Amino acid sequence: LAEARSNSAGASTSTVFYTFGGTKVVGTPNTPTNKIDEYTIGSDTNSSTHTLTTAIQGPCCVNNGTYAVVAGGTTSTVGTTATQKYTFSSGVTTAGTALGTARVRSSGVSPPAFGLICGGIDALGGAAYYAVTDMYTFASEAVTAGGSLFRAEANAAATSTIQGAY
């Protein structure tokens, strides 16, 4: 990464891995950042030429190969419903459709037509864990309530296959 940080979100295309936001660990530690780092796989190079519109820590990310949706997270300690849409080809970030539940440290998974934002916690150091999911439909950019997880979780990993998300 061009800037050392934790609590960031990631997405990839077939040639580039992107790291969005996070918490600075040097300079001014515990401060959210708006940096987008791009690691180009073929040339083994890093760049940090684009930014999110809002500095955010603890978000998750879903993507459809054309754009990434950086969802939730926090600008201080309390979770947000905000999303930021980053278009890979242009490097432009715009506001996205708000989530139904404010959350930090949720998991994101992206089956082909939609992204699921799963679980999370109400705030950094918070006590309310969520079992809710939000579904971000890429074609319409709509957010709808999804099903519930079997148990409330934060900081969990998620993956998807052709058959569905897990």
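Our subject is the structure listed above.
The structure reproduced in this document is the subject of the present report.

About the cut-offs
Sequence order sets the numbering: in each chain, residues are counted from 1 along the sequence as written. Two thresholds apply to this predicted model, a pLDDT of at least 70 for residue-level local features and 80 or more for giving and counting side-chain atom pairs, whereas whole-chain, interface and lining totals are computed over all residues. Hydrogens are left out, water is left out, and the side-chain values use all remaining heavy atoms of the structure. Buried means the residue's accessible area, taken with a 1.4 Å probe over protein chains only, is under 20% of the maximum for its type, while exposed means over 50%, and partly exposed covers the values in between. Here a strand is any run of E in DSSP of at least two residues, a helix any run of H or I of at least four, and the numbering for each starts at the N terminus. Two strands pair under a simple rule: DSSP has to find at least two bridges between them. Here the axes come from fitting lines to C-alpha atoms, over the contacting stretch only for helices, and the angles between their N-to-C directions go from 0 to 180 degrees. Think of a salt bridge as a Lys or Arg side-chain nitrogen and an Asp or Glu carboxyl oxygen that are within 4 Å of each other. The disulfide criterion used throughout: a pair of cysteine sulfur atoms within 2.5 Å.

## Overview of the pairing of strand β2 (residues 9–12)
Here is step 1 of the chain: Along β2, the buried face is formed by Ala9 and Ala11; none of Gly10 and Ser12, which line the opposite face, is buried.
Here is step 2 of the chain: Here 4 bridges tie β2 to strand β3 (residues 16–20), and the two strands are oriented antiparallel to one another. Opposite Gly10, over in β3, you have Thr19 as the bridge partner.

## Here we look at the sheet that holds strand β12 (residues 114–118)
Here is step 1 of the chain: The antiparallel open sheet is built from 4 strands, whose spatial order is β11-β12-β13-β14. Sheet topology places β11 (107–109) and β14 (142–148) at the edges, where each strand pairs with a single neighbour. Strand-to-strand twist of the sheet, defined as the mean angle between neighbouring strand axes without regard to direction, takes the value 25 degrees.
Here is step 2 of the chain: As paired strands, strand β13 (residues 132–137) and β14 are joined by 5 bridges and run antiparallel to one another. Bridged to Val132 within β14 is Ser148.

## Description of the environment of Ala145
Here is step 1 of the chain: Counting through the fold element by element, Ala145 comes out in strand β14.
Here is step 2 of the chain: Once the C-alpha coordinates of Ala145 and Ile117 are considered, the two residues, 28 residues apart in sequence, prove to be 9.8 Å apart.

## So, the pattern of salt bridges
Here is step 1 of the chain: The full count for this structure, using the stated rule, is 3 salt bridges.
Here is step 2 of the chain: One salt bridge in this structure joins Lys85 and Glu141, with 2.5 Å as the shortest N-O distance. You can see Lys85 sitting in strand β9 (residues 83–87) and its partner Glu141 sitting in the loop between β13 and β14, a full 56 residues away along the chain.
Here is step 3 of the chain: The class of Lys85 is buried, set by a relative accessible area of 15%.
Here is step 4 of the chain: Classification of Glu141 as partly exposed rests on a relative accessible area of 27%.
Here is step 5 of the chain: In this structure, Asp134 engages Arg103 in a salt bridge whose closest nitrogen and oxygen atoms are separated by 3.0 Å. One end of the pair, Asp134, is in strand β13; the other, Arg103, is in the loop between β10 (92–95) and β11, and 31 residues separate them in sequence.
Here is step 6 of the chain: Residue classification places Asp134 among the buried residues on the basis of a relative accessible area of 4%.

## Here we look at the state of the cysteines
Here is step 1 of the chain: Scanning all chains against the criterion turns up 0 disulfides.
Here is step 2 of the chain: Of the cysteine sulfurs around Cys60, a residue in no disulfide, the closest is that of Cys61, at 7.2 Å.
Here is step 3 of the chain: Among the residues examined, Cys60 registers a relative accessible area of 3% and is labelled buried.
Here is step 4 of the chain: Just so you know, Cys118 is unpaired, no disulfide at all, and the nearest cysteine sulfur is the one on Cys60, 7.8 Å from it.

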